[in-house]
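Listed below are the residues making up each chain.
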Amino acid sequence: MSGVRGTSAGDAATGPGAATALPTVAVPSITVESQHGLGASLLPADAAAKTQGVFPYAADLWAEGLLWAAVLRSPHPHARIVSIDTTHAAEMPGVRAVITHADVPGDAMHGRRVADRPVFAHDIVRHHGEPIAAVAADHPDTARLAAAAITVEYEVLEPVTDPEKAFAAPPLHPDGNLIRHIPLRFGDPAASGEVVVEGVYRVGRQDPAPIGAEAGLAVPRPDGGVELYVASTDPHADRDMAAACFGLETDRVKVVVTGVPGAMADREDPGFQLPLGLLALRTGHPVKLVATREESFLGHAHRHPALLRYRHHADAEGRLVKVEAQLLLDAGAYADASSDALAAAVAFAAGPYVVPHVFVEGWAVRTNNPPSGHVRGEGAMQVCAAYEGQMDKLAAKLGLDPAELRMRNVMATGDLLPTGQTVTCPAPVAELLKAVRDAELPPLPSAEDEAEWLLPGGPEGAGEPGAVRRGVGYALGMVHMLGAEGHDEVSTATVRVQDGVATVICSAVETGQGFATLARQIVQEVLGVEEVAVLPADTDQPPAGPSARGRHTWVSGGAVERAAKMVRTQLLQPLAATFGMSVELLTIADGKITSYDGVLSTTVAETLQGKELWATAQCRPHPTEKLDETGQGDAFVGLAFAAIRAVVDVDIELGTVRVVDMAVAQDVGRVLNPRQVAARIEAGVTQGVGMALMEDLRTAQGAVRRPSLTGYALPTALDAPPVRIVKLVEERDVVAPFGAKAVSAVPVVVSPAAVAAAVRAATGRPVGRLPIRPQTAAARQA
């Protein structure tokens, strides 16, 4: 049983004797004044269809005259292509087309941030699984057999897999091996502290592991264009990329977003999306491709593996004086989102702490490893594991309680980031830390309670109860919301009301983060209309940008709110004019319109009768700027914070770890949907625990080992830890619509560091690698 990503683990109880129960999520009491609108736990409109198994995903699509596609991928991480022979494949019965780099009519290079990646490799292969050719046939088995029949002669080259060696290695790409270098300089380089601790930390390669298959359908159009039905998280960017590749104007390429089965990264692999469209244009038939799990592991972006070297200086009281760090991110073969990830890593390298002097060197480099890109909390998660490890070392050296050391250094509103940017948003870090520190600890198992499932390792993998040690660890972390360094975060939405039903048109993609539900709640709140429909996203609508970093709650939600308020004005103006008052003196609540003095009282339904009202609006947050040559600049729109206390049981002989409890306090700005907030925090903690204990896409000389869900360990519902949300701090961010902050990414960032801290406390071992290996968690034996 695998794939709990983006889902709630359920309401079953856990405890001694409940061996098969699922983990619980304890949520603090939140007052809900209504059953609709903002603040209500409104259920998603598609909840019933998804639970009944009838919700349509890309893999379920069908079209008349459908052909099937398959992609040939390189078995080597680094090689020179000497020749490609497609003769045998093209001659196979049922094969309709075979395409290679020579058949790309437009731009042969693409990329989400930098166009440095070929649609098909044609001279050099730069990573295991890189697309070489694609086939369309009348049956999926025929397509796969034809792809396997393509003969490629390779000259295998020595791969560069160590990012430290990439600096001196021959260029792997015409753009060189160095993608970006950020030297951050903040304060006095000569400053030093009375106490100094150093550490080296490594973070592995986490896969997004989307639950559903990556799939798509391309349908040619009569005008020579094509429609792509894919689980896109940024349809307009995908359309522009595809149009450039196909050599078409953007108005002849349409991207229709199909049901997205959970997403926490750039959901689809362009390595199959672009060949799909090319095959449809070549054959004149609809073409479908459903990627195997192996293809998904090889093709889509992963979390950046990182090597992090740190030196912390503090005074005798434990107050931080200086942080020095070297951060190296492994981008894999192509740039993708590596520049963005590096900016976050460098900016947050000291964590949510006040540090007067910070000096960081950050690099992102190309290697022949699998591609890295946007995964929740990119950059921030890697450095959180390192700086929190340093805080534990510092506490041990000073003889201080780890929570107390952190409390002496926490950041607050008005403090400076090492980038020189002032933290203007609410930053209740001390309040968060105090909440988890003071939360009740879970009880220790009784002496006679030796049920196997309670021991680290679970049933049939447990050791002796006497070898189990309990540890408690703390971690604080932060993420930025929206894009950074000058990214334009504009989004557009239209709200239309007719016959008492409201419709929202916005190309913000619902990826499981709850935007479609939030849009319904916003319209209910502003207009008092109960029935609200959110249309599916496609590129005929104005752009809304990518589904990442909580931007749709802020930017697209803000656009929906503005459009709804414009419709509200249209609705109320005639009434206000009739009664000789301004619109501001009228209120809408629970479907009723009333005036301040009670003279006017009617219903929204009566007022809307026979009318059609609509408005379109945009939301664009305040601009940001790129970090300069010393890492300085106002690069971020907003920040979100969290504190987590982890409790673990460790079998010090076997090195197995069981997460007993995760107490979470989070800065959320405002709770818009209590149910969704709890689900997103739980999902984020679960993903973070996976990073801490099991998830690592292993490679051998650049080749992915066992690219499957049996070879890649992923938390199941039974592995998901009990999550207790002990506090949600609702201090509204005044520049954000509704004052709300993103909630999904920051628990992912903080929970691995918290689990690592708890394992340190249980074993006394220096935990410097994620995921934590059994040999690390096992205490040294005499």
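As shown above, the structure is provided for reference.
Given the structure is predicted, the values throughout are model-derived calculations rather than measurements.

A. The overall build of the protein chain, seen in detail. A tally of helices and strands in the protein chain yields 16 helices and 32 strands. Counting only C-alpha atoms, the protein chain reaches 85 × 75 × 60 Å along its principal axes. Across the 782 residues in the protein chain, those meeting the buried criterion constitute 60%. Within the protein chain, contacts between residues separated by at least 24 positions form 80% of all contacts whose residues are at least 6 apart in sequence. As displayed, the protein chain has an accessible area near 29,100 Å², and 51% of this comes from carbon and sulfur atoms. For the protein chain, the centre of its 66 positive side-chain charges and the centre of its 91 negative side-chain charges are spaced 3 Å apart.

B. Representation of helix H15 (residues 745-763). An ideal rise of 1.5 Å per residue puts 27 Å on 19 residues; H15 measures up with 29 Å between its terminal C-alpha atoms. Counted residue by residue, H15 has 18 buried out of 19 residues, so it is predominantly covered. Gly764 occupies a position one or two residues after H15 and carries a positive phi of about 75 degrees.

C. Layout of the nonpolar core. By size, the foremost hydrophobic cluster in this structure holds 156 residues, and its most contacted members are Tyr310, Leu327 and Val755. Leu327 has contacts with Leu307, Leu308, Tyr310, Ala345, Val346, Ala349, Val360, Glu361, Gly362, Trp363 and Val383, leaving out every residue within four places of it along the chain. Core analysis: the second largest hydrophobic core is formed by 31 residues, Val71, Ala97, Ile99 and Met241 among them.

D. Unusual backbone geometry, seen in detail. Of note, the bond from Leu770 into Pro771 is cis; its omega dihedral lies within 30 degrees of zero at 0 degrees. Counting through the fold element by element, Pro771 comes out in the loop between strand S32 (769-770) and helix H16 (774-777). Phi is positive for Ala209, which is not a glycine, with a value near 45 degrees. Looking at the secondary structure, you find Ala209 in the loop between strand S11 (195-203) and strand S12 (215-220). Its identity as a non-glycine residue notwithstanding, Leu482 has a phi of 70 degrees, on the positive side. You can see Leu482 is positioned in strand S19 (residues 468-484). On the basis of relative accessibility, which here comes to 0%, the residue Leu482 falls in the buried class.

E. Fine view of the sheet that holds strand S25 (residues 601-603). The three strands are arranged S23-S24-S25 in an open sheet whose pairing can be described as antiparallel. Only two strands of the sheet have a single partner each, and these edge strands are strand S23 (586-589) and S25. When strand polarity is set aside, the average angle formed by the axes of neighbouring strands in this sheet is 25 degrees. Sheet topology note: the strand S24 (residues 592-595)/S25 ladder contains three bridges and is antiparallel. Paired with Ile593 across the strands is Thr602, a residue of S25. Of the strands in this sheet, S23, S24 and S25 are in contact with helix H12 (residues 551-578), which crosses S23 at around 130 degrees.

F. Seen up close, the pattern of salt bridges. Counting across every chain of the model gives 35 salt bridges. We note a salt bridge from Asp46 to Lys50, for which the minimum N-O separation is 3.2 Å. The exposure class of Asp46 is partly exposed, given its relative accessible area of 21%. Taking relative accessible area as the criterion, Lys50 reaches 33% and is therefore assigned partly exposed. Taking the shortest distance from any N to any O, the salt bridge between Arg180 and Glu485 comes out at 2.8 Å. Of this pair, Arg180 sits in strand S10 (residues 178-186) while Glu485 sits in the loop between S19 and strand S20 (491-498), and the two are 305 residues apart along the sequence. Classification of Glu485 as buried rests on a relative accessible area of 13%. Among the ionic contacts, a cluster of salt bridges with common partners joins Glu198, Arg311, Lys322 and Glu324.

G. Summary view of the environment of Pro159. Checked against the element boundaries, Pro159 lands in the loop between strand S9 (151-156) and S10. Overall, Pro159 belongs to the buried group, its relative accessible area being 14%. As a C-alpha pair, Pro159 and Gly610 span 451 residues in sequence and 69 Å in three-dimensional space. Beyond its immediate chain neighbours, meaning those up to four positions away, Pro159 contacts Pro77, His78, Asn368 and Gln701.

H. Structural view of the state of the cysteines. Following the criterion strictly, the structure yields zero disulfides and no others. In this structure Cys384 is a free cysteine whose sulfur lies 17 Å from that of Cys425, the closest cysteine sulfur available. Counting only cysteine sulfurs, Cys619 is the nearest neighbor of Cys506, a cysteine outside any disulfide, at a range of 10 Å.

I. Representation of the sheet that holds strand S21 (residues 501-505). In spatial order, the strands read S22-S21-S20-S26; together these four strands make up an open sheet with mixed pairing. Here the strands that pair on one side only, and so sit at the sheet edges, are strand S22 (532-534) and strand S26 (612-619). Between one strand axis and the next, the sheet turns through 15 degrees on average, direction left out of account. Sheet topology note: the S20/S26 ladder contains eight bridges and is antiparallel. Bridging from a neighbouring strand, Val495 pairs with Ala615 of S26.

J. Structural detail: the pairing of strand S3 (residues 79-85). Two elements, S3 and strand S7 (residues 124-125), share two bridges in a ladder whose sense is antiparallel. Counted as the bridge partner of Ala79 is Val125 from S7. Relative to S9, S3 is paired through six bridges, and the arrangement is antiparallel. Paired with Ile84 across the bridge in S9 is Val152.

K. Quick look at the packing of aromatic side chains. Going through the model one piece at a time under the given rule, you end up with six aromatic pairs. Against the face of Phe55 rests Lys50, its NZ or CZ located 4.9 Å from the ring centre.

L. Geometry of the packing of helix H4 (residues 235-246) against helix H5 (residues 270-283). Contact geometry of H4 with H5 gives a least axis separation of 10 Å together with a crossing angle of 50 degrees. Between H4 and H5, the interaxial angle falls into the category oblique. Between H4 and H5 lies a crossing whose hand is right-handed. Of H5, the residues touching H4 (which contributes Asp238, Met241, Ala242, Cys245 and Phe246) are Pro270, Gln273, Leu274, Gly277, Leu278 and Leu281. The residue makeup of the contact of H4 with H5, split by class, is eight nonpolar, two polar and one charged.

M. View of the pairing of strand S27 (residues 636-651). Within S27, 16 of the 16 residues are buried, which leaves it mostly tucked inside the rest of the structure. Two elements, S27 and strand S28 (residues 657-667), share nine bridges in a ladder whose sense is antiparallel. Note on S28: the bridge partner recorded for Arg645 is Ala663. Counted between consecutive antiparallel strands, the loop separating S27 from S28 contains five residues, among which Gly655 sits at a positive phi close to 80 degrees.

N. Region of interest: helix H7 (residues 338-347). The buried fraction of H7 is high, at nine of ten residues. The set of residues buried in H7 consists of Ser338, Asp340, Ala341, Leu342, Ala343, Ala344, Ala345, Val346 and Ala347. On its buried side, H7 packs onto S10, strand S17 (320-330), strand S18 (357-365), helix H8 (380-398), S19 and S27.

Conventions used here
- Residues numbered from 1 in each chain as written.
- Predicted model: local features only at pLDDT ≥ 70, side-chain atom pairs only at ≥ 80, totals over all residues.
- Heavy atoms only, no water.
- Helix = DSSP H or I, 4+ residues; strand = E, 2+ residues; numbered from the N terminus.
- Buried < 20%, exposed > 50% of the residue type's maximum accessible area, 1.4 Å probe, protein only.
- Contact = heavy atoms within 4.5 Å.
- Areas by Shrake-Rupley, 256 points an atom, 1.4 Å probe, with all protein chains shown as cover.
- Lys, Arg positive; Asp, Glu negative; His and termini not counted.
- Charge placed at Lys NZ, Arg CZ, Asp CG, Glu CD.
- Expected span 1.5 Å × (residues − 1).
- Core = buried A, V, L, I, M, F, W, Y, C linked by side-chain atoms within 4.5 Å.
- Pairing = 2+ DSSP bridges.
- Axes fitted to C-alpha atoms, helices over the stretch in contact; angles between N-to-C directions.
- Salt bridge = Lys/Arg side-chain N within 4 Å of Asp/Glu carboxyl O.
- Disulfide = S-S within 2.5 Å.
- Phe/Tyr/Trp six-rings, centres within 6.5 Å; stacked < 30°, edge-to-face > 60°.
- Lys NZ or Arg CZ within 6 Å of the ring centre and 35° of its normal.
- Parallel < 35°, antiparallel > 145°, perpendicular 65-115°, else oblique.
- Left-handed = near helix turned anticlockwise from the far one by under 90°.
- Nonpolar A, V, L, I, M, F, W, Y, C, P; charged D, E, K, R; others polar.

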